[in-house]
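Observations on the model geometry
Here's the letter readout for the chains.
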Amino acid sequence: MHTVYGSTLGWLLQMGSHVVDYCRYFNGEADAEWVFGQVSGGEKLTDSHPSPDFALGEVQFRNGVRGMVEIGNLAQDVPEVEYFWHKVRIGAQGTEGFAEALIGGGWRAVTRDSGGPISGHGCWNAQLDQPPYIRDIALWLDDESRIHPCNGESALKGFEILMAICRSALERRRVSLPLERGEPEIQRLRGILLGAHCSAA
């Protein structure tokens, strides 16, 4: 595997965290080495999940895999899916094929042994998909040595990638991870994107 990618029309702190977490999941939870990003638009900075309207990020993982994410109103559409919140694409590419999942739209792949494209249906089904989540919680509660897949440390690493995208856009540079302390990125974006919007008005 050499590339993981994800896109969503949802904004950074609404759906972006999920997209980044899935990219990390596809890549074996590898740590990020650096991030380069760009953002635009300030309308969603007043939302309950304050975010730039669009964010584009390139992530270099320490295991050599490159990640790319598109998050927000300028992200590629996922025309195979009708419901807005399910317009999410997560994928991985390697030297011998690719695999991709569409939230609410199934999956598709080409592998060394598939002889061509293969695909299948799939959508969130609480009766089928919720029990494994509950099982993971029970196993974690019963055995302190187990690490829950949705643990706080992993979530923080995904969040750092999102904030590094914003910091990279703000400071016009590649940002190394883990993040050094600094002024909160969303607050800085408000000052620039909303300030510029108010000045233009």
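In short, a report on the structure. (Residues numbered from 1 in each chain as written. Predicted model: local features only at pLDDT ≥ 70, side-chain atom pairs only at ≥ 80, totals over all residues. Heavy atoms only, no water.)

1. So, the overall build of the chain
Let me state the cut-off plainly: Secondary structure follows DSSP: runs of H or I at least 4 residues long count as helices, runs of E at least 2 residues long count as strands, and numbering of each begins at the N terminus. Throughout, radius of gyration means the C-alpha value; the globule benchmark is 2.2 Å times the number of residues raised to the power 0.38. The buried label applies to any residue whose accessible area, calculated with a 1.4 Å probe on protein chains only, is under 20% of its type's maximum; exposed applies above 50%, and partly exposed to all values in between. The criterion used for residue contact is that any of the two residues' heavy atoms lie within 4.5 Å. For the accessible areas, the method is Shrake-Rupley and the probe is 1.4 Å, while residue cover comes only from the protein chains on display. Under this rule, positive means Lys or Arg and negative means Asp or Glu; His and the chain ends count for nothing. Charge positions are represented by NZ for Lys, CZ for Arg, CG for Asp and CD for Glu.
Counting secondary structure elements, the chain contains four helices and nine strands. By the compact-globule yardstick of 17 Å for 201 residues, the chain fits well, its C-alpha radius of gyration being 18 Å. The C-alpha extent of the chain, read off along each of the three principal axes, is 55 × 45 × 35 Å. Within the span of the chain, comprising 201 residues, buried residues form 37% of the whole. Once local pairs closer than 6 in sequence are excluded, the contacts in the chain between residues at least 24 apart make up 55%. Per element, the accessible surface of the chain, about 11700 Å² overall, is 55% carbon and sulfur. If the 18 positive side-chain charges of the chain are averaged to one point and the 26 negative ones to another, these points end up 5 Å apart.

2. A short note on the pattern of salt bridges
For clarity, the cut-off: Salt bridge criterion: a side-chain nitrogen from Lys or Arg within 4 Å of a carboxyl oxygen from Asp or Glu.
A complete count under the given rule lists 14 salt bridges for this structure. Two residues, Glu80 and Arg89, come together in a salt bridge whose shortest N-O distance is 3.8 Å. For Glu80, a relative accessible area of 40% gives the class partly exposed. Among the ionic pairs, Glu80 bridges to Arg108, the shortest N-O distance being 3.0 Å. Residue Glu80 is found in the loop between β4 (66-72) and β5 (88-94), and its partner Arg108 is found in strand β7 (residues 106-110); the two are separated by 28 residues along the sequence.

3. A closer look at the environment of Arg112
How we decide: Side-chain atoms alone can form a polar contact between residues adjacent in sequence; in general such a contact is a pair of N or O atoms within 3.5 Å, and within protein one must be able to donate a hydrogen while the other accepts it.
With respect to the helices and strands, Arg112 occurs in the loop between β7 and β8 (118-120). Accessibility expressed as a relative area gives 63% for Arg112, which makes it exposed. With 17 residues separating them in the primary sequence, Arg112 and Thr95 have C-alpha atoms 9.2 Å apart. Within polar-contact distance, the side chain of Arg112 engages the side chain of Glu96 at 3.3 Å.

4. Quick look at the environment of Asp31
For Asp31, the location among the structural elements is in the loop between α1 (12-26) and β2 (32-40). When the C-alpha positions of Asp31 and Lys157 are compared, they lie 7.4 Å apart, and in sequence the two are 126 residues distant. Those residues in contact with Asp31 that sit more than four places away from it in its chain are Arg24, Phe61, Arg62 and Lys157. Side chain to side chain, Asp31 and Lys157 meet in a polar contact 2.9 Å long.

5. Remarks on the side chain of Glu100
Among the secondary structure elements, Glu100 is positioned in strand β6 (residues 97-102). Within the structure, the side chain of Glu100 is placed 2.6 Å from the side chain of Tyr5, a separation counted as a polar contact. Reaching out from Glu100, the side chain makes a polar contact with the side chain of Arg108 at a distance of 2.8 Å. Excluding its chain neighbours within four sequence positions, the residues that come into contact with Glu100 are Tyr5, Arg89, Ile90, Gly91, Gly106, Trp107 and Arg108.

6. So, the packing of aromatic side chains
In plain terms, the rule: Side-chain rings of Phe, Tyr and Trp (the six-membered ring for Trp) are treated as a pair once their centres are within 6.5 Å; stacked means planes under 30 degrees apart, edge-to-face means over 60, and tilted covers the remaining angles. The criterion is that NZ of a Lys, or CZ of an Arg, lies within 6 Å of the ring centre and within 35 degrees of the ring normal, and then a charge sits over that ring.
Counted by the stated rule, this structure contains three aromatic pairs. Between the aromatic rings of Tyr25 and Phe26, the centroid separation amounts to 6.4 Å while the plane-to-plane angle is 55°, which identifies the pairing as tilted. On the basis of relative accessibility, which here comes to 28%, the residue Phe26 falls in the partly exposed class. Ring-pair connections join several aromatic residues into one group, and the members of that group are Trp11, Phe84 and Trp85. Above the plane of the ring of Trp11 lies Lys44, whose end atom (NZ or CZ) is 4.0 Å from the centre.

7. Quick word on the state of the cysteines
Under the convention used in this document: Defined by distance alone, a disulfide is two cysteine sulfur atoms within 2.5 Å.
Inspection of every chain in the model, using the stated rule, returns zero disulfides. Cysteine Cys150 is unpaired, with the sulfur of Cys23 as its nearest cysteine sulfur at 15 Å. Overall, Cys150 belongs to the exposed group, its relative accessible area being 57%. With no disulfide of its own, Cys166 lies closest to Cys23 among cysteine sulfurs, the gap being 16 Å.

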